[in-house]
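Secondary and tertiary structure notes
Residue strings, one per chain:
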Amino acid sequence: MGRGSFHQNRLLKAPSNLSRDTSRAGASTASLGNPLGGAVVVEDQPDVSAVLSAYNQQGDPTLYEEYYSGLKHFIECSLDCHRAELSQLFYPLFVHMYLELVYNQHESEAKSFFERFHGDQECYYQDDLRVLSSLTKKEHMKGNETMLDFRTSKFVLRISRDSYQLLKRHLQEKQNNQIWNIVQEHLYIDIFDGMPRSKQQIDAMVGSLAGEAKREANKAKVFFGLLKEPEFDVPLDDEDEEGENEEGKPKKKKPKKDNVGSKSKKQDPNAPPQNRIPLPELKDSDKLDKVMNMKEAARRVRLGPECLPSICFYTFLNAYQGLTAVDITDDSSMIVGGFADSTVRVWSVTPKKLRSVKTAADLSLIDKESDDVLERIMDEKTASELKILYGHSGPVYGTSFSPDRNYLLSCSEDGTVRLWSLQTFTCLVGYKGHNYPVWDTQFSPYGYYFVSGGHDRVARLWATDHYQPLRIFAGHLADVTCTRFHPNSNYIATGSADRTIRLWDVLNGNCVRIFTGHKGPIHSLAFSPNGRFLATGATDGRVLLWDIGHGLMVGELKGHTDTVYALRFSRDGEILASGSMDNTVRLWDAVKAFEDLETDDFTTATGHINLPENSQDLLLGTYMTKSTPVIHLHFTRRNLLLAAGAYSSQ
C-alpha cells in the first residue's frame, strides 16, 4: 500500500514554535448563518514592547546568582515535606531571572547565571532550556514566542499554605525583593489548605509550559454523558432466529451493552440537553446504517483480560513519500492515507471496489423510481481499489472520514483543510483560516461539524456548509497537535506542544478543563465510549488517564519507549489500545484502570492524587511489528483491532 519514508516526515509534527510572526492568524468573525450563533473573537497578542518592559525593574545584576543560590540553599535545607513543594519555584524563577538579565543587557552575568544553575532544573524542562540558552541578547527576545508566552501567562504553582508561609517569611526576612517581585509579578501561586504534596504527586502533574492548571480551571460543570439514541426496531436476521431460542440474539446482548452505556435508551443524568447544540437530522441512510451497526454489535466479541482482540495490521509498504496520517471508516470498509507528497489515497478494504457517480448526462437516463437506483447511479467503469486525491500543496497531516462515509477531510502543511466527496472523489471545499500548517482535523461523531488544530496555536470549529469557522478556541501556548470530539459532540479535546490538554465547550467556546502532567508534546487523544474518561499519549511515551467530570488525572500507563501516536478504546470500553513509534501495539485493561474510582476518593479540594504504580497489572499484551511505527488504531464494530503504519527500513 502507498509509498515514501514515514519517519522523518512524521517528525515534522513536533514543530518548533520559535521563529514566527507574533500576530495571530485567522482572527475572523463568524458568518451570519452560524448555527451556533455568536461572534468569534480572538484576543490580540499583547504588545511586545509592553510585555518586555516589565523586565525594567532591575536589581543589581551581580547579586542575581547570590539571590538564587540563597533561595536554593533555604529550600534544600527545609523540611522534606516543604522541600518538594518549594522546589517547584526553581524553574520559573530561573527563567525569569535569566530573561531579566538578558533584557537589561547584562549579557555576561546572564551567561554565568545560566551556566551555573541550568543543570539544577528538572529533566523535563530540557527542551525549554535549550531554547532559552539561544536567547542571549535583548533583540532575540522580541520575536520569540515561547519567551512572550512565558512573560504573559503567569506560571502556575500549587503549594500548601504552610509551605507558602515558610517561603514568604524567608523572603521577607532576607529582604530578597528581587525574588519576591518575580513571585508577585510572574507566578500564580494556587494555595490550598491541608497536607503538602509529595514529590511523586507533584512530578505526576507538572511539566507543562505554564506550570499546572489553576484549580478553578477544572471546576466548571461538564456534561460528559451520552445523548439519547433514537429508537429503532432491529429486524432479526434469519440466521439469528435459527440458532437461538425465542429470545433472539440481539435481545440477549442488549443489557450488556446498556451497562457500558454505548447506546443508552434512557436519558443519562450527566448528558447535555438533547438540543444544547444543533445537530443534523438523521437521514434514511443514517437510520439504515444504525440498524446495521446494531446487528453487528449483537455479534460483537465481548473483550476482557481473558479474551483479547485479534489484531490486523495494515502495513504501508514502499511508502517512500512518507505516510503522515491514516483513518478508517466506522464500518471498516475504507482506509485513507495522507502522504508527505501532498496526496490523499483512499483504499477499499473489502472486496467492494470504489466507484464514482455517473456523469450528469448518464444520470438523466436513469429511472429514478427503480428500487436499485442507488446502484444504478454508480459508474462501473470507474471501479478500482484505490483512488488518489490531488489538491494539497504540502504534506497531509490529518485525515477523517465523515460518519456517513460520504465525505473525507484532510488537513495539510499548506494551511488548508479540504473536504472531499467520496461519491465523485473530487474536492468540494478548501477551508482557509489557519495560514500555517494544520496538524489535525476530525469530523464530529454526528457529522456536519469538524475541528482543526494547527501551528497558529488555535483550534477551529467548522461546519461543512460554512467558509468561516464557527468557533475559535484560543488558549494553548504552542501548536495544537491533535484534536478529538467528545462522543456527545458538545465538547472538543485538544492536545498541544505546550504539553497540556484542554477541553472546550462547543456551545460557547469556553475552555472547561486544562490537564497537565505530560512531559512532551501531546500526539494522541481518545475518549472512552461512555464519555466519562479521556486517555492521552505524548512524546514522553506515557499514556495518562483523566476523569473528565472531576477534572483529575486518575491513571498513568507506562511501558512505551517512544511517542504514543495512536489510542483507541474498544467498542464497549473494556480495552484501551495504544500504538507507538517504538513499533508496538499495547493493550491495557481499561475496566480495571477505572473501576476503583469512587467519587468520594477524589480530594478535588487539593487536587491530591495518589497514582498507583500498576502499569504492569493493567498491561494485557504487547505486540511488536517488524519495523513499523504504529500511527493509527481502530476497533471494528465486532471488536477486531485494526492497526496501521508505514514500514520503516531504518
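Residues numbered from 1 in each chain as written. Predicted model: local features only at pLDDT ≥ 70, side-chain atom pairs only at ≥ 80, totals over all residues. Heavy atoms only, no water.

- The name recorded for the protein in an unreviewed UniProt entry is Transcription initiation factor TFIID subunit 5, from Zosterops borbonicus.
- According to its UniProt record, the protein has this under Subcellular location (unreviewed entry): "Nucleus".
- According to UniProt, the comment filed for the protein under the heading Sequence similarities (unreviewed entry) is "Belongs to the WD repeat TAF5 family." (UniProt positions renumbered as here; feature names shortened; annotations may be inferred.)

Thoughts on unusual backbone geometry
- Despite not being glycine, tyrosine 448 shows a phi value in the positive range, around 70 degrees.
- Note on placement: tyrosine 448 falls in the loop between strand E12 (438–443) and strand E13 (449–454).
- Under the relative-accessibility criterion, tyrosine 448 is labelled partly exposed at 23%.
- Positive phi outside glycine occurs at arginine 499, with the angle close to 75 degrees.
- Counting through the fold element by element, arginine 499 comes out in the loop between strand E17 (491–496) and strand E18 (500–505). (Helix = DSSP H or I, 4+ residues; strand = E, 2+ residues; numbered from the N terminus. Buried < 20%, exposed > 50% of the residue type's maximum accessible area, 1.4 Å probe, protein only.)

Overview of the UniProt feature "repeat: WD" (unreviewed entry) in the protein
- According to UniProt, the "repeat: WD" (unreviewed entry) feature falls on residues 316–357, 389–424, 431–462, 473–514, 515–548 and 557–589.
- Here residues 431–462 runs as 0% helix and 59% strand, with 9 Å between its end C-alpha atoms.
- Taken end to end, residues 557–589 has its terminal C-alpha atoms 10 Å apart, with 0% of it in helix and 58% in strand.

Focus: the nonpolar core
- One finds Leu89, Leu93, Phe94, Phe113 and Leu132 to be the most contacted residues of the largest nonpolar core, which totals 46 residues.
- For this core, the leading source of residues is helix H5 (residues 90–103), giving 11 residues.
- In terms of nonpolar packing, the next biggest core, distinct from the first, is built from 21 residues, Cys482, Ile501, Ile522 and Met553 among them. (Core = buried A, V, L, I, M, F, W, Y, C linked by side-chain atoms within 4.5 Å.)

Points about the packing of aromatic side chains
- Tallied over the full model, the rule gives 25 aromatic pairs.
- Relative to phenylalanine 113, the ring of tyrosine 68 lies with its centre 5.5 Å away and its plane at 80 degrees, an arrangement referred to as edge-to-face. Taken together, the positions of tyrosine 68 in helix H3 (residues 64–77) and phenylalanine 113 in helix H6 (residues 107–117) put the pair 45 residues apart, joining distant regions of the chain. You'll find tyrosine 68 and phenylalanine 113 in the same group, each marked buried.
- For the pair tyrosine 124 and tyrosine 125, a centre-to-centre distance of 5.0 Å together with 65 degrees between the ring planes defines the contact as edge-to-face. (Phe/Tyr/Trp six-rings, centres within 6.5 Å; stacked < 30°, edge-to-face > 60°.)

Looking at H5
- With 14 residues, H5 extends 20 Å from end C-alpha to end C-alpha; this agrees with the ideal 20 Å at 1.5 Å per step.
- At the C-terminal side of H5, glutamine 105 shows a positive phi close to 60 degrees. (Expected span 1.5 Å × (residues − 1).)

So, the pattern of salt bridges
- One pass over the structure, following the stated rule, counts 31 salt bridges.
- Close ionic contact of glutamate 115 with lysine 111 constitutes a salt bridge, the shortest N to O distance being 3.6 Å. Here the residue glutamate 115 and the residue lysine 111 both occupy positions in helix H6, the gap between them amounting to 4 residues, near one helical turn. Just as glutamate 115 is exposed, lysine 111 falls in that class too.
- Linking glutamate 122 and lysine 199 is a salt bridge whose minimum nitrogen-to-oxygen distance equals 2.9 Å. On the criterion of sequence distance, the pair formed by glutamate 122 in the loop between H6 and helix H7 (126–133) and lysine 199 in helix H12 (residues 199–205) is long-range, its members being 77 residues apart.
- Given the relative accessible area of 30%, glutamate 122 is considered partly exposed. (Salt bridge = Lys/Arg side-chain N within 4 Å of Asp/Glu carboxyl O.)

Things to note about the sheet that holds strand E28 (residues 632–635)
- Read from one edge to the other, the open sheet built from 3 strands follows the order E3-E29-E28, with strand pairing classed as mixed. Of all strands in the sheet, those with a lone pairing partner are strand E3 (311–316) and E28, marking the two edges. Neighbour-to-neighbour, the strand axes of this sheet turn through a mean angle of 20 degrees, independent of strand direction.
- Examined bridge by bridge, E28 and strand E29 (residues 641–646) share 4 bridges and lie antiparallel to one another. When the bridges of E29 are listed, histidine 634 appears paired with leucine 642. (Pairing = 2+ DSSP bridges. Axes fitted to C-alpha atoms, helices over the stretch in contact; angles between N-to-C directions.)

Quick look at the packing of H3 against H5
- Where H3 contacts H5, the axes come no closer than 11 Å and their chain directions differ by 175 degrees. With respect to H5, the element H3 is oriented roughly antiparallel. Judged by residue contacts, Tyr64, Tyr67, Tyr68, Leu71, Lys72 and Ile75 of H3 engage Phe90, Leu93, Phe94, Met97, Glu100 and Leu101 from H5. (Parallel < 35°, antiparallel > 145°, perpendicular 65-115°, else oblique. Contact = heavy atoms within 4.5 Å.)

A look at the sheet that holds strand E16 (residues 480–485)
- In spatial order, the strands read E16-E17-E18-E19; together these 4 strands make up an open sheet with antiparallel pairing. Two strands close off the open sheet at either side, each with one partner strand: E16 and strand E19 (511–516). Averaged over all adjacent pairs, the angle separating strand axes in this sheet is 20 degrees, with direction ignored.
- Where E16 meets E17, 5 bridges bridge the pair, whose relative direction is antiparallel.

A look at the confidence of the model for the protein
- On average, the protein scores 82 in pLDDT, and the residues at 70 or more come to 82%.
- Here residues 1–33 is modelled with pLDDT under 50, and outside its nearest four sequence neighbours on either side it reaches 122 contacts, counting other chains as well.
- Of the regions scoring below 50 in pLDDT, residues 238–264 engages in 33 contacts with residues more than four places distant in sequence or in other chains. (pLDDT = per-residue confidence, 0-100.)

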